[in-house]
Structures are given as structure tokens and as C-alpha cells.
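Secondary and tertiary structure notes
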Amino acid sequence: MSYIDIKGGGPAAAIVAAVFKTVGLQTSSIRRPSLGDARLITLNGPTLMLIKDLFGNTVFDKLLQQGVMLEHRVLAWKLGDDPIAVNDKALLVPLNTLTKLFHGQEELKSSGPLELTVEAYGRSENKGASAGLRWAFVWHLHDLVLPNQLTCYLQAVDGGWVFLAPSPKGTLVQLITAGADTELARGIAAKAITMALPQMKNAYFGLDSEPHQFDASPRFNEARNMDVAIIGDQVLALDPISGDGIGHILRSAVLLASLVKGGHHHAASPGIDIYYARLRRTFISHLTTCEQYYQQINVSNIWGKVIADMRREHLRLQREVALDNPTSYVLNRSDISIQAESAMY
């Protein structure tokens, strides 16, 4: 029996292996899961429902037990705006917990001819052009407790936007800003905390520890190799404002599985071309949403270059998409039928 070789040790590799297994595809993983990353990630409503549809109630219930369900968010988009409560359920879960849940306990080994190699090495291996520079800074604050543990605050302030959410360590603070100046980021985060929680007069001092820092710029890396399919952040890294990174990986895995099951992934077939065409469309839609968001919070023109870079990349990809030839594939299973093209959008 032929098999698919999945390279990577993070959530993308684990999710791809799990999706392929549900449709009877044999996989091999050359790396054990990396379980040291305890960053919290957000799973939105559509992503949670897709997980339940694909993997059933057992996996879904385990996920709910290990995360924190947010019942609503409090949003303030511009300086001076009154906060708006939004009923938008989402699950906060540690990244390493998600990886372990989908990967299983043992390293997978397979024999037989190699059908396809899938790379899922993550954002660090994405060599695509950056669609506007932004950096993420993440703090875990032991001494900051939100007044309502089922609430997250998303606060846009001069110079960036800040996400506050409950975590096992107290409160997660994540800031996105146009630039990598840690001191500036600390000041912006402190300002947002005091705006959302006026009683936190000493918020700046609570941020004295060095944050976890990473490049949060959206990137699309269409590395074309007919024997290799790239998935997850390695091919399409989304802006953290979307909260849809895991959902994107799931939908990409469904599409790729449907191509493999139908035998459309070989060099002589247009399947891989169609896979990347779908990803281009996804990235265009993502950049459109990002442009609208950053225009809303561009209170002092700090995001002007970011918006221009996104629009430039958006238009370039639109020209490529105009040449695409859309084709639909269907992934069928005994208890689920997913139109892969529809699942992507």
C-alpha cells in the first residue's frame, strides 16, 4: 500500500495526518510532535464545527475539556470608541495540547511506495514576500485577572492592537504592531490594558518581563514542486487578527486529501495547480479582510505602508487568479461528505 510522507512536528503536520487517516490514507511522520509550545491559540466557531464534523464527538469533547471557552468578546476599534460586546464563541487552547490531540501517542511508520510528500514545517520556513510588516509580542501576566473569565478584549490603540484573554497563567496579552520595537510595544500594550481595565494603573510594570516575539506578517509561499505539497503556515501564513489559522489548515488538508483520493496529485495531473490556486484565493480574501481592519485602526497613519503592501500583493495575486481554471473535488466518507472547494471559502 502506498503512503504519504508528512514532514513536520507542529499542529499542521498532526492535523494533516489525522485528516488523511479519516479517509483511509496511510501516512508516515518523520518527526515526533513538538510539545514545548504552550502559546494559546483561538479556534473560532466554524473551525470548531469542522473539527467536530471531521473527527467526531470524542475528539471534540477532549478539545473542549482542555481549552477555555469564550462566550463573548468586547471590542473597541478606534481611540475613544465605546466598547461593543459581541456574542462570538471561541475556544482558547494551548498549541502543544492541540498538537498532541491530533498527533496521537506514537510516531507513525509506513511501508510501500511513496505516493506524496507533504511539508508542514511552519511559518519559519515560509519564504514568500511579506504582505506588510507586523510583529507580535506575547506576555503571560500572572497578576492580571480579567473581571469576567469568559471574556476577551480586543482593543485597537494608537500604534497597534492588543488581544487580552484568560489563560492558565492569568491573562494572555498579545500585541500586533508595525515594527519590532519592544519598548514601544510594551507601552502600547500597557495603554490598551488601562483603557480596557481602568483599575490597572500599574499595567506597564506588569509587562516588565521580556515578551515572546515573532514576525506576524502574512506570507504566501507558492514553492512549486510537483512531488511535494506544502501546507499550513509554511505556504500560507495568516495575520493573527483572523483567528483562522487552524481552520485554514483543516480546510487545506481536506482539499489535499480529496485530490490524493481522486489520483489528481501527480505531476501529469492539474491537482497540485488547483490546490495552490485555492490557496491564492484564500489569501486574497484574507488580505481583503486585513485591509479593511487596518484601515479602521489607522488612527495616526502608522499602518499606511502595511495597507499599501497588502493591496499590492492582493492585486498581484488577483492577476494570477484570473488565469486559474476552477475545478471541484468531493471528499466522501461513510459518515461525512465535504465539498472541498466549498470548505475552503
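So, here's what we can say about the structure. Source: prediction; values computed, not measured. (Residues numbered from 1 in each chain as written. Predicted model: local features only at pLDDT ≥ 70, side-chain atom pairs only at ≥ 80, totals over all residues. Heavy atoms only, no water.)

**Thoughts on the overall build of the chain**
A count of helical and extended segments in the chain gives nine helices and 19 strands. Sequence-distant contacts in the chain: of pairs separated by 6 or more residues, those separated by 24 or more amount to 74%. Roughly 14,900 Å² of accessible area belongs to the chain as shown, and the carbon and sulfur atoms make up 52% of that amount. (Helix = DSSP H or I, 4+ residues; strand = E, 2+ residues; numbered from the N terminus. Contact = heavy atoms within 4.5 Å. Areas by Shrake-Rupley, 256 points an atom, 1.4 Å probe, with all protein chains shown as cover.)

**Considering the sheet that holds strand 6 (residues 84–86)**
Spatially, 6-5-11-12-13-10-14 is the arrangement adopted by the seven strands of the open sheet, whose pairing is mixed. Bordering the open sheet on either side are strand 6 and strand 14 (212–215), each of which pairs with just one other strand. Strand-to-strand twist of the sheet, defined as the mean angle between neighbouring strand axes without regard to direction, takes the value 20°. Strand direction decides the pairing type here: strand 11 (residues 151–157) and strand 12 (residues 160–167), joined by five bridges, are antiparallel. (Pairing = 2+ DSSP bridges. Axes fitted to C-alpha atoms, helices over the stretch in contact; angles between N-to-C directions.)

**Quick notes on the environment of leucine 154**
Relative to the elements of secondary structure, leucine 154 occurs in strand 11. Given the relative accessible area of 9%, leucine 154 is considered buried. (Buried < 20%, exposed > 50% of the residue type's maximum accessible area, 1.4 Å probe, protein only.)

**Remarks on the pairing of strand 5 (residues 72–76)**
Along strand 5, four of the five residues are buried, which leaves the element largely enclosed by surrounding structure. Here strand 5 pairs with strand 11 via five bridges, running parallel. When the bridges of strand 11 are listed, alanine 76 appears paired with glutamine 155. In terms of strand pairing, strand 5 meets strand 6 through three bridges, oriented antiparallel. Note on strand 6: the bridge partner recorded for leucine 75 is isoleucine 84.

**Looking at the packing of aromatic side chains**
How two aromatic rings sit relative to each other is given by the distance of their centres and the angle of their planes. Taken as a whole, this structure holds eight aromatic pairs when the rule is applied. Seen in terms of ring centroids, tyrosine 293 and tyrosine 294 are 5.2 Å apart; in terms of plane orientation they differ by 80°. Their pairing is edge-to-face. An aromatic cluster of three or more residues is present, and its members are Trp161, Tyr293, Tyr294 and Trp303. (Phe/Tyr/Trp six-rings, centres within 6.5 Å; stacked < 30°, edge-to-face > 60°.)

**A short note on helix 1 (residues 11–22)**
In this model helix 1 runs 17 Å from its N-terminal to its C-terminal C-alpha over 12 residues, within 8% of the 16 Å that 1.5 Å per residue would give. Within helix 1, 10 of the 12 residues are buried, which leaves it mostly tucked inside the rest of the structure. Every buried residue of helix 1 is accounted for by Pro11, Ala12, Ala13, Ala14, Ile15, Val16, Ala17, Ala18, Val19 and Phe20. Positioned one or two residues after helix 1, glycine 24 has a phi angle of 85°, which is positive. (Expected span 1.5 Å × (residues − 1).)

**Structural notes on the pairing of strand 10 (residues 135–141)**
Strand 10 sits mainly inside the fold: five of its seven residues count as buried. In terms of strand pairing, strand 10 meets strand 13 (residues 170–177) through seven bridges, oriented antiparallel. Across the sheet, residue histidine 140 finds its bridge partner in strand 13, namely leucine 172. The pairing of strand 10 with strand 14 spans four bridges and is classified as antiparallel. Looking across to strand 14, one finds that alanine 136 is bridged to phenylalanine 214.

**Remarks on the nonpolar core**
Among the nonpolar cores identified, the biggest contains 83 residues, and Val19, Leu43 and Tyr294 are the most heavily contacted of them. One finds Trp139, Leu144, Leu175 and Ala190 within the second-largest nonpolar core, a separate group that totals 23 residues. (Core = buried A, V, L, I, M, F, W, Y, C linked by side-chain atoms within 4.5 Å.)

**Things to note about the packing of helix 7 (residues 271–296) against helix 8 (residues 304–321)**
Where helix 7 meets helix 8, the closest approach of the two axes is 9 Å, and the angle between their N-to-C directions is 155°. As judged from the angle between their axes, helix 7 and helix 8 are roughly antiparallel. By crossing handedness, the relation of helix 7 to helix 8 is classed as left-handed. Between helix 7 and helix 8, the contacting residues are Arg280, Arg281, Phe283, Ile284, Leu287, Thr288, Cys290, Glu291, Tyr294 and Gln295 on the first element and Ile307, Met310, Arg311, Glu313, His314, Leu317, Gln318, Glu320 and Val321 on the second. Considering only residue class, the contact of helix 7 with helix 8 consists of nine nonpolar, four polar and six charged. (Parallel < 35°, antiparallel > 145°, perpendicular 65-115°, else oblique. Left-handed = near helix turned anticlockwise from the far one by under 90°. Nonpolar A, V, L, I, M, F, W, Y, C, P; charged D, E, K, R; others polar.)

**Examining the pattern of salt bridges**
What the rule picks out here adds up to nine salt bridges. Glutamate 291 is paired through a salt bridge with arginine 311; the nearest N and O atoms lie 3.6 Å apart. Separated by 20 residues along the polypeptide, glutamate 291 in helix 7 and arginine 311 in helix 8 bring together distant segments of the chain. For arginine 311, a relative accessible area of 36% puts it in the partly exposed group. Note that aspartate 309 and arginine 312 form a salt bridge whose closest N and O atoms lie 2.7 Å from each other. Here aspartate 309 and its partner arginine 312 are both found in helix 8, three residues apart, which amounts to about one turn of the helix. Judged by its relative accessible area of 53%, arginine 312 falls in the exposed class. Taken together, the salt bridges that share partners define one network made up of Glu183, Arg186 and Glu210. (Salt bridge = Lys/Arg side-chain N within 4 Å of Asp/Glu carboxyl O.)

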